Amino acid sequence: IRLASPEEFDPKKFLCESRFSIEEQFVKLLEVIDSVNNPFLKKLLEEFFYDDDFVEKFLRAPAGKTVHHACIGGLLEHTLGVVEICETVAKRFKSIDRDLLISAAILHDIGKVREYEVKISIDRTIEGMLLGHLYIGADMISKAIDRIEWFPMSLRTKLLHCILSHHGQYEYGSPKRPKTLEAVALAYADALDSKVKGFEEHIERELGESNKGWTKKHFAFDVPIYFDGEISYEEEG
């Protein structure tokens, strides 16, 4: 018995991938970016998503290690999920700055491209363990803003607040709690997408696609989950 060398096996056998087309999801994300009217926020988004090196990392990155979207393309899938929820919220609450909220939703987890590393499993990097993706993402955004001439300081502050507060509570890792409309909307959208996906993935792991009943207690949510339907993975339309 010996360890297999890298050329002797396909790493994809050990990793799952988003059930939705990564290419099609990325096209949708670019369409959302194109819909942003604020010229400073659009330029900021283009700093990341028109950068081939960043995009390659972003499309491969997971959104989590175990709890939700723990797969290749998971970060893209989660990001689009949060964006879609935020679009609905922005239409319902007219006082919200839609461009700010959508930009924050697109950028909220970009620190995960450096928090996680994907080989034959998903692991946290040393940087991810010591700093976390909220700080890493805020730092990445702050440095990108420095490259954009005349970027308004007030807009910078509100955007970074959204990023740093999007986990909602101190005990969940946010150094700040949400204090603006956009920040509180983002925090709840992020929680909704991640928790529902976490439930769905746990159901599938425990019960399989055709089984029904109760799962074992979920280690993160601290409850067993009941399911008597059928999980559907139709393409997003």
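Residues numbered from 1 in each chain as written. Predicted model: local features only at pLDDT ≥ 70, side-chain atom pairs only at ≥ 80, totals over all residues. Heavy atoms only, no water.

(A) Examining the overall build of the protein more closely. Within the protein, the secondary structure is distributed over ten helices and four strands. For 237 residues, the compact-globule estimate of 2.2 N^0.38 gives 18 Å, and the protein sits close to it at 18 Å. Along the three orthogonal principal directions, the C-alpha set of the protein runs to about 60 × 45 × 35 Å. Each of the 237 residues in the protein was classed as buried or not, and the buried ones make up 48%. Averaging the coordinates of the 31 positive side-chain charges in the protein and doing the same for the 42 negative ones gives two points 5 Å apart. (Helix = DSSP H or I, 4+ residues; strand = E, 2+ residues; numbered from the N terminus. Rg over C-alpha atoms; globule rule 2.2 N^0.38 Å. Buried < 20%, exposed > 50% of the residue type's maximum accessible area, 1.4 Å probe, protein only. Lys, Arg positive; Asp, Glu negative; His and termini not counted. Charge placed at Lys NZ, Arg CZ, Asp CG, Glu CD.)

(B) Geometry of the packing of aromatic side chains. The final tally for this structure, using the stated rule, is seven aromatic pairs. Taking 5.4 Å as the distance between ring centres and 85 degrees as the angle between the ring planes, the aromatic pair formed by F49 and F54 counts as edge-to-face. Take F49 and F54: they sit in the same class, and that class is buried. (Phe/Tyr/Trp six-rings, centres within 6.5 Å; stacked < 30°, edge-to-face > 60°.)

(C) Quick look at the pattern of salt bridges. Inspection of every chain in the model, using the stated rule, returns 14 salt bridges. Residues K43 and E47 are paired through a salt bridge, measuring 3.8 Å at the closest nitrogen-oxygen approach. With a gap of four residues between them, K43 and E47 both fall in helix α2 (residues 39-49), about one helical turn apart. When the shortest N-O distance is used, the salt bridge between D109 and K112 registers 3.1 Å. The pair D109 / K112 is uniform in exposure class, with both members buried. Because the salt bridges share partners, they merge into one network encompassing K43, E47 and R147. (Salt bridge = Lys/Arg side-chain N within 4 Å of Asp/Glu carboxyl O.)

(D) Representation of the nonpolar core within the structure. Within the largest apolar cluster, 57 residues are counted, with the highest numbers of intra-cluster contacts made by L44, F48, F49, F58, L107 and I141. For this core, the element with the highest residue contribution is helix α4 (residues 74-92), accounting for nine residues. Residues within four places of F48 in sequence aside, it is in contact with F54, V55, L107, I110, M140, I141 and A144. (Core = buried A, V, L, I, M, F, W, Y, C linked by side-chain atoms within 4.5 Å. Contact = heavy atoms within 4.5 Å.)

(E) Broad picture of helix α1 (residues 22-34). Its 13 residues place the ends of α1 18 Å apart at the C-alpha level, agreeing with the 18 Å of an ideal helix rising 1.5 Å per residue. Those residues of α1 lying buried are I22, Q25, F26, L29, V32 and I33. The arc that holds every buried residue of α1, seen down its axis, measures 110 degrees, which confines them to one face. In α1, the exposed positions angled more than 90 degrees off the buried face are occupied by E23, E31 and D34. For α1, the elements touching its buried residues are α2, α3 (52-60), α4 and α5 (98-107). (Expected span 1.5 Å × (residues − 1). Arc of directions from axis to C-beta.)

(F) Broad picture of the side chain of Q25. Positionally, Q25 belongs in helix α1. For Q25, a relative accessible area of 1% gives the class buried.

(G) Here's a closer look at the packing of helix α8 (residues 133-146) against helix α9 (residues 153-165). Remark: α8 packs on α9, axes separated minimally by 9 Å, with the N-to-C direction vectors making an angle of 160 degrees. As far as their axial angle goes, α9 and α8 are roughly antiparallel. The two elements α8 and α9 cross, and the hand of that crossing is right-handed. Contacts between α8 and α9 involve L134, G137, A138, I141, S142, I145 and D146 on the former and, on the latter, R156, L159, L160, I163 and L164. Class assignment of the residues belonging to the contact of α8 with α9 gives a composition of eight nonpolar, two polar and two charged. (Axes fitted to C-alpha atoms, helices over the stretch in contact; angles between N-to-C directions. Parallel < 35°, antiparallel > 145°, perpendicular 65-115°, else oblique. Left-handed = near helix turned anticlockwise from the far one by under 90°. Nonpolar A, V, L, I, M, F, W, Y, C, P; charged D, E, K, R; others polar.)

(H) Inspection of α4 at higher detail. Taking 1.5 Å of rise per residue, 19 residues should cover 27 Å, and α4 covers 27 Å from first to last C-alpha, within 8% of that figure. Burial within α4 is extensive, with 15 of its 19 residues counted as buried.

(I) Representation of the confidence of the model for the protein. Here the protein shows a mean pLDDT of 88. Residues at 70 or above account for 91%. Put simply, strand β2 (residues 122-124) is where the protein has its lowest mean pLDDT, 82, and α5 is where it has its highest, 98. (pLDDT = per-residue confidence, 0-100.)

(J) Quick look at the environment of D228. Secondary-structure assignment places D228 in the segment after β4 (226-227). With relative accessibility at 48%, the residue D228 sits in the partly exposed group. The sequence separation of D228 and K212 amounts to 16 residues, and the corresponding C-alpha distance is 4.9 Å.

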